[in-house]
Amino acid sequence: MESTLYKSIFAEGELAGEARGEVRAYTETITQVLIRWLGTLDVAFRQHLAAFSDRAILRAWQQEAIYLHGADDARKLIERSKRRLCRRLHPRGGTSS
């Protein structure tokens, strides 16, 4: 007989897995569309994108990527994405040395 705690833990794990799957799908779509327009993508950008986990932002980038009209639009999306990724990886403030 399954306990309430067990069911709760299982449900949380299931939701976390679904979230990771969504993030992976958004990231893969963005990557493939950008490669379609540009031929290649910078490895560092791909790594930063893969480490990003904000589903709402990734979904917005995915939607934008789907409707790109050319390589120039793809480069603009990458630049906007890089700024957001950089802010997440290197937030302002904190302690100074």
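Our structure is the block above this text.
The following refers to the structure shown. Just so we're clear, the structure is a prediction, and the values are computed from it rather than from any experiment. (Residues numbered from 1 in each chain as written. Predicted model: local features only at pLDDT ≥ 70, side-chain atom pairs only at ≥ 80, totals over all residues. Heavy atoms only, no water.)

Examining the side chain of Gln62
The condition that has to hold: The helix count covers DSSP runs of H or I at least four residues long, the strand count covers runs of E at least two residues long, and both are numbered beginning at the N terminus. Three exposure classes are used, based on accessible area relative to the maximum for each residue type with a 1.4 Å probe and protein chains only: buried under 20%, partly exposed in between, and exposed over 50%. A contact between two residues is defined here by any heavy atoms of the two lying within 4.5 Å.
Among the secondary structure elements, Gln62 is positioned in helix 3 (residues 55–66). A residue is classified by how much of its surface remains accessible, and Gln62, at 11% relative accessible area, is buried. Setting aside anything within four residues of it in sequence, one finds Gln62 in contact with Ala25, Tyr26, Thr29 and Ile30.

Some thoughts on helix 3
For clarity, the threshold we go by: In a helix, the anticipated span is given by 1.5 Å times the number of residues less one. Directions from the helix axis toward the C-beta atoms define the arc. In the analysis that follows, any N or O atom pair within 3.5 Å is treated as a polar contact, provided that within protein one partner can donate a hydrogen and the other can accept it, and provided that, for residues neighboring in sequence, both atoms belong to side chains.
For helix 3, which comprises twelve residues, the first-to-last C-alpha distance of 16 Å matches the rise-based estimate of 16 Å (1.5 Å per residue) to within 8%. All of the buried residues in helix 3 are Ile57, Leu58, Trp61, Gln62 and Ala65. Here the buried residues of helix 3 occupy an arc of 140° about the axis, which is enough to place them on one side. For helix 3, the N-terminal capping position is held by Asp54, with its side-chain oxygen 3.1 Å away from the main-chain nitrogen of Ala56.

Remarks on the side chain of Thr31
Inspection of the secondary structure puts Thr31 in helix 1 (residues 4–38). Only 2.8 Å separates the side chain of Thr31 from the backbone oxygen of Thr27, close enough to count as a polar contact.

Let's talk about the pattern of salt bridges
Worth spelling out the cut-off: One speaks of a salt bridge when a side-chain nitrogen belonging to Lys or Arg is within 4 Å of a carboxyl oxygen belonging to Asp or Glu.
For the coordinates displayed, the defined rule picks out four salt bridges. Between Arg80 and Glu64 there is a salt bridge, with the nearest N and O atoms lying 1.8 Å from each other. Linking Arg80 in helix 4 (residues 71–89) with Glu64 in helix 3, this pair joins segments that are 16 residues apart in sequence. A residue is classified by how much of its surface remains accessible, and Arg80, at 34% relative accessible area, is partly exposed. Across the salt bridge formed by Arg75 and Asp72, the nearest N and O atoms sit 2.8 Å from each other. Highlighted residues: Arg75 and Asp72, both in helix 4, separated by three residues, approximately one helical turn.

Structural notes on the packing of aromatic side chains
Threshold: Any two rings among Phe, Tyr and Trp, with Trp reduced to its six-membered ring, count as a pair given centres within 6.5 Å; such a pair is stacked if its planes are under 30 degrees apart, edge-to-face if over 60, and tilted if neither. Only lysine NZ and arginine CZ atoms are considered, and such an atom sits over a ring when it is within 6 Å of the ring centre and within 35 degrees of the ring normal.
Scanning all chains against the criterion turns up one aromatic pair. For the ring pair Phe52 and Trp61, a centre distance of 5.3 Å and an interplane angle of 20° mean the geometry is stacked. Its relative accessible area of 6% is what places Phe52 among the buried residues. A cation over a ring is seen here: Arg36 above Trp37, with NZ or CZ 4.6 Å from the ring centre.

A closer look at the nonpolar core
Which entries qualify depends on this criterion: As used in this record, nonpolar core signifies buried Ala, Val, Leu, Ile, Met, Phe, Trp, Tyr and Cys residues forming a set joined through side-chain atoms within 4.5 Å.
Counting 18 residues, the largest nonpolar core has Leu34, Phe45, Leu58, Trp61 and Leu68 as its most contacted members. Elements represented by at least two residues in this core include exactly helix 1, helix 2 (43–51), helix 3 and helix 4. Top contributing element to this core by residue count: helix 1, with five residues. When neighbours within four sequence positions are excluded, Leu68 is seen to be in contact with Val33, Leu34, Trp37, Asp73, Ala74 and Leu77.

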